[in-house]
Amino acid sequence: RTVMQLGMDALEEYRAMNRDRGAIDFSDMISDALTLLRTEEIAKQIRSGIRHIMIDEFQDTDPLQFEVLERIAPELTGSNIEGPFVFVVGDDKQSIYQFRDADVRLFRKARTAIARVNLQNGNDSGMRRLTMSYRMHPELCDAINQACSAIFRTPAEIDERSYHVEYEPLVAANVAAGSALRPR
C-alpha cells in the first residue's frame with residue numbers, strides 16, 4: 001500500500017471512530033455550521049442574536065471559516081442584509097498556517113470589506129494599525145526594520161491575488177515617548 005492509501009485509510013478509521021462515539025472535531029464543527037448557515041432562515045435567526053463579532057488572529061482564517069463570517073455578517077459581501085458589527089484583530093505578516101488552508105488574502109478582503117461597510121455607515125474605516133512595540137529595545141527595532149523592509153513587498157507590488165504582505169516599520173515605544181530604554 002502507498003503512503004497516500006495508508007493516510008486515507010487512517011482518516012476513514014478516524015471518521016468512523018468519531019461517528020461511533022458521537023464525537024465531532026473542529027473541521028466537523030465548521031462544516032456543520034456552514035450547512036446550517038447556508039439556509040437563510042437559520043442564518044437570519046442566528047444573526048438576530050448577535051450584535052458584535054470579534055475574531056482574533058484573523059490572518060489564520062481559512063476559506064470555510066471566512067464563509068461562516070460572511071453568512072453571519074452578509075454586509076461584508078456587499079449585501080444590504082444587516083448583520084452584526086465585525087471587529088477583527090490580526091497581522092498579515094504572521095500568517096503561517098497555509099498548511100491548514102489559512103489564506104492571508106482573506107485578511108485583506110475582510111479589511112477592505114469592513115472599511116467599506118464602516119464608511120457606508122458614516123464612520124471612519126475602522127482600521128487601526130498598531131506599529132508601536134513596547135517589548136523591543138530601539139536598536140533591535142531598527143535592525144528588524146532594516147532587515148524586514150528589504151524582504152517584504154511594497155504596496156505597489158501587492159494585488160488581491162498575491163500572498164505577499166506589506167511591511168510597516170515598527171516604532172520602539174520608549175523612543176516615541178521620548179525616553180531611552182536603558183539596558184540593565
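Going by the structure above, here's the rest.
The present account deals with the structure reproduced in this document.

The rules behind these values
Residues numbered from 1 in each chain as written. Predicted model: local features only at pLDDT ≥ 70, side-chain atom pairs only at ≥ 80, totals over all residues. Heavy atoms only, no water. Core = buried A, V, L, I, M, F, W, Y, C linked by side-chain atoms within 4.5 Å. Buried < 20%, exposed > 50% of the residue type's maximum accessible area, 1.4 Å probe, protein only. Helix = DSSP H or I, 4+ residues; strand = E, 2+ residues; numbered from the N terminus. Axes fitted to C-alpha atoms, helices over the stretch in contact; angles between N-to-C directions. Parallel < 35°, antiparallel > 145°, perpendicular 65-115°, else oblique. Left-handed = near helix turned anticlockwise from the far one by under 90°. Contact = heavy atoms within 4.5 Å. Nonpolar A, V, L, I, M, F, W, Y, C, P; charged D, E, K, R; others polar. Polar contact = N/O pair within 3.5 Å; in protein donor to acceptor, adjacent residues only side chain to side chain. Disulfide = S-S within 2.5 Å. Salt bridge = Lys/Arg side-chain N within 4 Å of Asp/Glu carboxyl O. Phe/Tyr/Trp six-rings, centres within 6.5 Å; stacked < 30°, edge-to-face > 60°. Patch = residues over 30% accessible without salt bridge, like charges linked within 9 Å, V, L, I, M, F, W, Y side chains within 5 Å. Areas by Shrake-Rupley, 256 points an atom, 1.4 Å probe, with all protein chains shown as cover.

Brief notes about the nonpolar core
Logical step 1: Within the largest apolar cluster, 18 residues are counted, with the highest numbers of intra-cluster contacts made by Phe58, Leu69, Leu76 and Val86.
Logical step 2: Put simply, the parts of the chain that give this core at least two residues each are helix 2 (26-37), helix 4 (63-72) and helix 5 (104-120).
Logical step 3: The element that contributes the greatest number of residues to this core is helix 5, accounting for 6 residues.

Looking at the packing of helix 4 against helix 5
Logical step 1: Remark: helix 4 packs on helix 5, axes separated minimally by 10 Å, with the N-to-C direction vectors making an angle of 15°. Relative to helix 5, helix 4 is oriented roughly parallel. Judged by the sense of rotation from one axis to the other, the crossing of helix 4 with helix 5 is right-handed. Residues Pro63, Phe66 and Glu70 of helix 4 touch helix 5, and the partners they reach there are Leu106, Lys109 and Ala110.
Logical step 2: For the contact of helix 4 with helix 5, the residue count by class is 4 nonpolar, no polar and 2 charged.

A look at helix 4
Logical step 1: Turning to helix 4, its buried residues number three or more, namely Phe66, Glu67, Val68, Leu69, Glu70 and Ile72.
Logical step 2: As for helix 4, its buried residues are in contact with helix 2, helix 3 (40-48), strand 1 (52-55), strand 2 (85-88) and helix 5.
Logical step 3: With a side-chain oxygen positioned 2.9 Å from the backbone nitrogen of leucine 64, the residue opening helix 4 is aspartate 62.

Looking at the side chain of threonine 61
Logical step 1: You can see threonine 61 is positioned in the loop between strand 1 and helix 4.
Logical step 2: A residue is classified by how much of its surface remains accessible, and threonine 61, at 6% relative accessible area, is buried.
Logical step 3: Polar contacts involving the side chain of threonine 61 include one to the main-chain carbonyl oxygen of phenylalanine 58, which spans 2.7 Å.
Logical step 4: Those residues in contact with threonine 61 that sit more than four places away from it in its chain are Phe66, Asp101, Ala102, Asp103 and Leu106.

Points about the state of the cysteines
Note: disulfide means a covalent bond formed between the sulfur atoms of two cysteine side chains.
Logical step 1: Summed over all chains, the structure comprises 0 disulfides.
Logical step 2: Cysteine cysteine 141 remains unbridged, with the sulfur of cysteine 148 as its closest cysteine sulfur at 10 Å.
Logical step 3: The class for cysteine 148 is buried, based on a relative accessible area of 18%.

Comments concerning the pattern of salt bridges
Logical step 1: The tally for this structure, following the rule as stated, stands at 10 salt bridges.
Logical step 2: For arginine 19, the salt bridge goes to glutamate 12, with nearest N and O atoms at 3.2 Å.
Logical step 3: Between glutamate 67 and arginine 38 there is a salt bridge, and its shortest N-O distance comes to 2.9 Å. You can see glutamate 67 sitting in helix 4 and its partner arginine 38 sitting in the loop between helix 2 and helix 3, a full 29 residues away along the chain.
Logical step 4: Under the relative-accessibility criterion, glutamate 67 is labelled buried at 17%.

Concerning the packing of aromatic side chains
Logical step 1: Scanning the entire structure with this criterion turns up 3 aromatic pairs.
Logical step 2: Relative to phenylalanine 66, the ring of phenylalanine 58 has its centre 6.2 Å away and its plane inclined at 65°; by these criteria the two rings are edge-to-face. The same class applies to phenylalanine 58 as to phenylalanine 66, namely buried.
Logical step 3: Considering the side-chain rings of phenylalanine 58 and phenylalanine 107, the 6.3 Å spacing of their centres and the 45° angle between planes classify their relative orientation as tilted. With phenylalanine 58 in the loop between strand 1 and helix 4 and phenylalanine 107 in helix 5, this pair connects stretches of sequence that are 49 residues apart. Here phenylalanine 58 and phenylalanine 107 have matching classes, each one buried.

Brief notes about a nonpolar patch on the surface
Logical step 1: A surface patch of nonpolar side chains, about 370 Å² in accessible area, is lined by Met54, Phe85, Phe87 and Val89.
Logical step 2: Assignment of secondary structure puts methionine 54 in strand 1.
Logical step 3: On the basis of relative accessibility, which here comes to 52%, the residue methionine 54 falls in the exposed class.

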